[in-house]
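Geometric and topological summary
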Amino acid sequence: MAYDEDEYLSLSGIQHFEFCRRQWALIHIEQQWDDNYRTVDGILMHKNAHDCMTSGKNNDVLIAKALPIHSKIMGVFGICDVVEFRRTESEGISLFGYDGQYKANPIEYKRGLPKVNDEDVVQLTAQAMCLEEMLNCSISKAYLYYGETRHRFEVILDERIRNLVINDFLEMHSYFERSFLPKPKRTKSCNACSLKDICLPELNCNTSSEVYIKQMIGSENDEKTP
């Protein structure tokens with residue numbers, strides 16, 4: 001199965017989805033968003049990764065920044081912060097304008113301290129899977145770079161995490177097609193969520209935030225009517 005371009009979802013949304021399905025739906029279906037320190041810091045870090053790193057060749061490594069990617073099979077599009085193309089003696093791919101064979105390794109930049117959890121790894125793995133489809137290659141490992149430590153961690157792209165990526169995107173497409181907003185479920189992670197003031201379990205478990213706000217505005221207008 002291949003998706004049409006107008007059906008593509010944002011690849012970066014898979015991190016939101018893995019963190020909280022309701023958060024993903026609020027952002028990507030209902031277009032709700034609010035920044036906190038974590039989101040602003042993360043945006044600035046990605047901007048620095050795209051602006052400060054120089055694309056080009058460093059010895060036997062070609063560096064590409066802000067590389068657009070997509071997958072017809074998964075129906076997603078996005079951007080790789082950095083992709084390193086390392087020259088290899090065998091089992092690589094050819095790159096236009098360069099001699100030899102190269103292996104691709106995406107690098108995703110994250111703020112804060114190292115977590116290397118499924119929320120971070122699924123996004124990185126999805127990027128690698130897009131590159132595999134686009135370049136007709138195989139990628140066995142990739143890297144997460146954390147700003148707090150300024151150190152990157154190797155991530156092995158195993159079958160478990162690849163299946164998780166595939167299943168997450170299938171579920172995301174299903175939610176998007178139905179405009180489905182999961183009910184709120186309070187967890188300890190809610191305090192760190194930038195949408196906690198928009199998405200509160202106390203609002204109404206059976207209505208979306210958009211409907212709730214309209215209802216509240218209507219109630220206020222009714223009270224002002226003499």
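Up top is the structure these notes are about.
Residues numbered from 1 in each chain as written. Predicted model: local features only at pLDDT ≥ 70, side-chain atom pairs only at ≥ 80, totals over all residues. Heavy atoms only, no water.

Checked against the element boundaries, Y98 lands in the loop between β4 (76–88) and β5 (101–110). It is 9.4 Å that separates the C-alpha atoms of Y98 and L62, two residues lying 36 residues apart in sequence. (Helix = DSSP H or I, 4+ residues; strand = E, 2+ residues; numbered from the N terminus.)

To continue, consider the pattern of salt bridges. Counted by the stated rule, this structure contains nine salt bridges. We note a salt bridge from E171 to R21, for which the minimum N-O separation is 3.1 Å. Taken together, the residues E171 in helix α5 (residues 159–178) and R21 in helix α2 (residues 21–28) connect sequence positions 150 residues apart. For E171, a relative accessible area of 26% puts it in the partly exposed group. On the accessibility criterion, R21 (28% relative accessible area) is partly exposed. K115 serves as the salt-bridge partner of D120, at 3.7 Å between the closest nitrogen and oxygen. Overall, K115 belongs to the partly exposed group, its relative accessible area being 45%. One connected set of salt bridges, linked through shared partners, spans R21, D168 and E171. (Salt bridge = Lys/Arg side-chain N within 4 Å of Asp/Glu carboxyl O. Buried < 20%, exposed > 50% of the residue type's maximum accessible area, 1.4 Å probe, protein only.)

Moving on, we come to a negative patch on the surface. Together, D4, E5, D6, E7 and E177 make up a region of like negative charge exposed at the surface. Here D4 shows up in the segment before β1 (9–10). (Patch = residues over 30% accessible without salt bridge, like charges linked within 9 Å, V, L, I, M, F, W, Y side chains within 5 Å. Areas by Shrake-Rupley, 256 points an atom, 1.4 Å probe, with all protein chains shown as cover. Lys, Arg positive; Asp, Glu negative; His and termini not counted. Charge placed at Lys NZ, Arg CZ, Asp CG, Glu CD.)

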